[in-house]
Amino acid sequence: MAPNGTSAPVDLSHHINRKSKARHPSPLKDIIKFMGQDGMISLAGGLPHPSTFPLEQATFSCLPPSASITDGSTAASDDLLSVTLGRGSDPKDLDLTQFLQYGSGTGNKALIELSRELTEKVHAPPFEYECLLHPGNTNAWAKVVGMLCEDDDFVIVEEYTYPSAQALWIPLGIKAVPVSADAEGISATLLRELLQNWDEGVKGARRPRVLYLVSVGSNPTGTTISRQRRKDIYNVCVEFDIILVEDDPYYFLQYPSYNPSTPPTFVSKSTPDFLKTLIPSFLSMDTQGRVIRLESFSKTLFPGLRLGYFIANPMFTERLLRATEVETQDPAGLSQAFVLGLLKKWGVDGYLDWLQRLQFQYQVRRDWLLDAFGAHFTVLPAAESPVPKADGLVACLKSANGDLRPVFSFVDPGAGMFVWAKFYFHDVRRFSEIQGASTEDPEQAFATELWTAWATELVLLTPGSYYHPWQGADKVSTAARGAEAGTVHFRFSFATPTKEQIAAGVERVRRVVDRYWG
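These numbers were taken from a predicted model, which means no experiment stands behind them.

**Notes on the overall build of the protein chain**
Alright, step 1. Scanning the protein chain from terminus to terminus reveals 17 helices and 18 strands.
Alright, step 2. Since a compact globule built from 518 residues should have a radius of gyration of about 24 Å, the 25 Å found for the protein chain is in line with a globular shape.
Alright, step 3. Relative to its 518 residues, the protein chain shows a buried fraction of 52%.
Alright, step 4. Sequence-distant contacts, at least 24 apart, represent 73% of the contacts inside the protein chain between residues at least 6 apart.

What follows is the structure, given as structure tokens:
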């Protein structure tokens, strides 16, 4: 048992790859530690002298955590909070000096402590852990791959996966092993079968050791893994000794199911009541220290900060720190200073209050998109549609005699920023023509034509092909991947457009659909 009452992590050192094991501490960082001692005179360092830094003071005008952001408007100037970072004898809200110099690689101690406070309040991990700052989740994932994966390994992923996550590993010869999912997330049963039946001789590589998940509001599917499914997945990871990487930028953007008859209204909750509405993270149920959680301020404050933090057992954070020292060093000092200054002003409960309002903003925007679907298509539960085995809802065209033609199905996203739409091509004449021309991948060929037609109408969707897990050059086409024939996916995002733009965009989508399906 760890000193604070949490469990000590199990020994997972065998997961560290050859490259990471070979890393040594940066000797320059050891010197920096000694420089902070009282009375120390350093003739050793190459740090620029602080008097040469041209920045003396920075003042940020910020929204209060209670600001209404539903309609995209900003607070009146009288309501704005001022966060001032200064130097010298007048440091204002926060002394900027410490953030302008090189750091040790771990990040600012006060910001790390604040990250721990937030972690305890939201997740209360049952094992001994540490927080380590990083410059955004994309870089964080790169460091995790560099720590855990050997060249030519396999990584287990969701059926559709964030493309940047895998673009990183493709040059290393690493391939994805996708696991099919439903509305509750990836199947724990199929995950177990995959691991139990892995044949190293056939696969040409060892059994996968890493599971990568965007477990809330997944990009692109919008799926959130259910509470029970999380327990089942975690148990499989324990059984087969898998490290679970929880990339969770949308965790606080969870909201109730869509209800077209009841427009959403914001009701502020106490911090405990708000946290009860959030599904438990994998981190919160990890008794062994095998979850590495990637936290980010990109979706909660703004992406340009390039700032987040790892939460992991100390053995992993020690190796991640070794990579940080020689690859990226600390995240940008001004980003750290701003976030620390803002969160000290807001307080952790104030930040969570802000997150409630942010959550509501994205619920409203989700509703705008689903309202637009209902305005331009006949939307039915799958069981009542021409595609009864589809997940969620099906958007159809209704003919004059009442016949329904399915266009796409989708699951009401309970989190995140996206709706993942599965389009059905079976009865589309143009698709049949492409099939008849013996095209190598008729689904992708028609999807490209459809995407181009939408772009011509001045509406953009993200092609589903961007999210196909990389399984090798021989598994690129629809048939080779074993995907369902006659279907493709497109991703709708409701994060950025206005209500009017969303309505107009779906109308343009419908215009092209009429041309091909009508």
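Let's pick the thread back up.
**Focus: helix H7 (residues 188-196)**
Alright, step 1. Among the residues of H7, those classed as buried are Ala 188, Leu 191, Leu 194 and Leu 195. For H7, the angular spread of the buried residues around the axis is 120°, confining them to a single face.
Alright, step 2. Turning to H7, the residues buried within the fold contact strand E5 (154-158), strand E6 (175-179), strand E8 (185-186), strand E9 (210-213) and helix H9 (227-239).
Alright, step 3. Measuring from the backbone nitrogen of Thr 189 back to the side-chain oxygen at the start of H7 gives 3.3 Å, which picks out Ser 187 as the cap.

**A word on the environment of Glu 193**
Alright, step 1. Positionally, Glu 193 belongs in helix H7.
Alright, step 2. Glu 193 gets classed as partly exposed once you look at its relative accessible area, which sits at 39%.

**Things to note about the sheet that holds strand E2 (residues 81-86)**
Alright, step 1. Spatially, the three strands line up as an open sheet ordered E1-E2-E3, and their pairing is mixed. The strands lining the two open edges of the sheet, one partner per strand, are strand E1 (57-62) and strand E3 (94-95).
Alright, step 2. Pairing of E2 with E3, which is carried by two bridges, proceeds in the parallel orientation. Across the sheet, residue Leu 85 finds its bridge partner in E3, namely Leu 94.
Alright, step 3. Packing of helix H12 (residues 333-346) onto the sheet brings it into contact with E1, E2 and E3, and relative to E2 it is tilted by some 135°.

**Observations regarding the sheet that holds strand E15 (residues 404-410)**
Alright, step 1. With antiparallel pairing, the six strands of this open sheet are ordered in space as E13-E14-E15-E16-E18-E17. The sheet is open, and its two edges are formed by strand E13 (378-381) and strand E17 (462-463), each paired on a single side.
Alright, step 2. Bridging between E17 and strand E18 (residues 487-493) involves two bridges; their strand directions are antiparallel. Within E18, the residue paired with Thr 462 across the bridge is Arg 491.

**Some words on the packing of aromatic side chains**
Alright, step 1. Enumeration over the complete set of coordinates arrives at 32 aromatic pairs.
Alright, step 2. Where Phe 423 meets Trp 517, the ring centres are 6.2 Å apart and the plane angle is 55°; that geometry is what we call tilted. Of this pair, Phe 423 sits in strand E16 (residues 418-424) while Trp 517 sits in helix H17 (residues 499-517), and the two are 94 residues apart along the sequence.
Alright, step 3. Residue Trp 517 is classed as buried on the basis of its relative accessible area of 1%.
Alright, step 4. With centroids separated by 6.4 Å and ring planes inclined at 45°, the aromatic side chains of Phe 446 and Trp 517 adopt a geometry described as tilted. Pair noted here: Phe 446 is in helix H15 (residues 442-456) and Trp 517 is in helix H17, with a separation of 71 residues, a long-range link. As far as the burial class goes, Phe 446 and Trp 517 line up, both buried.

**Describing the pairing of strand E11 (residues 291-296)**
Alright, step 1. Burial runs high along E11: six of the six residues are buried.
Alright, step 2. Residues Val 291, Arg 293 and Glu 295 line one face of E11 and the alternating positions Ile 292, Leu 294 and Ser 296 line the opposite face, and both faces are buried.
Alright, step 3. This β-α-β element, strand E10 (residues 243-247) to helix H10 (residues 271-276) to E11, shows right-handed connectivity.

**Remarks on H12**
Alright, step 1. With 14 residues, H12 extends 20 Å between its outermost C-alpha atoms, agreeing within 8% with the 20 Å of an ideal straight helix rising 1.5 Å per residue.
Alright, step 2. The buried fraction of H12 is high, at 11 of 14 residues.
Alright, step 3. Turning to H12, its buried residues are Gly 333, Ser 335, Gln 336, Ala 337, Phe 338, Val 339, Leu 340, Gly 341, Leu 342, Leu 343 and Trp 346.
Alright, step 4. Where H12 ends, the next residue or the one after it, Gly 347, has phi of about 85°, a positive value.

**Here we look at the nonpolar core**
Alright, step 1. Ranked by internal contacts, the top residues of the largest apolar core, which has 144 residues, are Trp 141, Leu 211, Ile 233, Ile 292, Phe 423, Trp 454 and Trp 517.
Alright, step 2. Sorting elements by how many residues they give to this core places helix H13 (residues 348-376) first, with 14 residues.
Alright, step 3. Apart from residues no more than four positions distant in its own chain, Trp 141 is found in contact with Val 155, Ala 165, Leu 168, Trp 169, Val 210, Tyr 212, Val 245 and Leu 294.
Alright, step 4. If you look at the next biggest cluster of nonpolar residues, it comprises six residues, including Val 387, Val 394, Cys 396 and Tyr 424.

**Let's talk about the environment of Leu 460**
Alright, step 1. Within the secondary structure, Leu 460 sits in the loop between H15 and E17.
Alright, step 2. Leu 460 sits in the exposed class, given a relative accessible area of 65%.
Alright, step 3. Apart from residues no more than four positions distant in its own chain, Leu 460 is found in contact with Trp 451 and Ala 455.

**Comments concerning the pattern of salt bridges**
If the charged atoms of two oppositely charged side chains come close together, the side chains can form a pair.
Alright, step 1. Summed over all chains, the structure comprises 25 salt bridges.
Alright, step 2. Note that Arg 18 is salt-bridged to Glu 150, the shortest N-O span being 3.6 Å. You can see Arg 18 sitting in helix H1 (residues 18-21) and its partner Glu 150 sitting in the loop between helix H5 (137-148) and E5, a full 132 residues away along the chain.
Alright, step 3. When the shortest N-O distance is used, the salt bridge between Arg 322 and Glu 325 registers 2.8 Å. On the criterion of helical spacing, the pair formed by Arg 322 and Glu 325 is a turn pair, its members being three residues apart in helix H11 (residues 314-327). This pair shows no difference in class: Arg 322 is buried, exactly as Glu 325 is.

**Description of the environment of Tyr 351**
Alright, step 1. Along the chain, Tyr 351 falls in helix H13.
Alright, step 2. A relative accessible area of 3% means that Tyr 351 is categorised as buried.
Alright, step 3. When neighbours within four sequence positions are excluded, Tyr 351 is seen to be in contact with Leu 118, Phe 297, Thr 300, Leu 301, Leu 343 and Trp 346.
Alright, step 4. Looking at Tyr 351, its side chain comes within polar contact range of the side chain of Thr 300, at 2.8 Å.

**Points about the side chain of Asn 17**
Alright, step 1. On the secondary structure map, Asn 17 appears in the segment before H1.
Alright, step 2. Its relative accessible area of 2% is what places Asn 17 among the buried residues.
Alright, step 3. Within the structure, Asn 17 has its side chain in polar contact with the backbone nitrogen of Ser 20 (distance 2.7 Å).
Alright, step 4. Apart from the residues lying within four places of it in its own chain, the contact partners of Asn 17 are Val 145, Gly 146, Met 147, Leu 148, Cys 149 and Glu 150.

About the criteria used
- Residues numbered from 1 in each chain as written.
- Predicted model: local features only at pLDDT ≥ 70, side-chain atom pairs only at ≥ 80, totals over all residues.
- Heavy atoms only, no water.
- Helix = DSSP H or I, 4+ residues; strand = E, 2+ residues; numbered from the N terminus.
- Rg over C-alpha atoms; globule rule 2.2 N^0.38 Å.
- Buried < 20%, exposed > 50% of the residue type's maximum accessible area, 1.4 Å probe, protein only.
- Contact = heavy atoms within 4.5 Å.
- Arc of directions from axis to C-beta.
- Polar contact = N/O pair within 3.5 Å; in protein donor to acceptor, adjacent residues only side chain to side chain.
- Pairing = 2+ DSSP bridges.
- Axes fitted to C-alpha atoms, helices over the stretch in contact; angles between N-to-C directions.
- Phe/Tyr/Trp six-rings, centres within 6.5 Å; stacked < 30°, edge-to-face > 60°.
- Right-handed = clockwise from strand over helix to strand, strands pointing away.
- Expected span 1.5 Å × (residues − 1).
- Core = buried A, V, L, I, M, F, W, Y, C linked by side-chain atoms within 4.5 Å.
- Salt bridge = Lys/Arg side-chain N within 4 Å of Asp/Glu carboxyl O.

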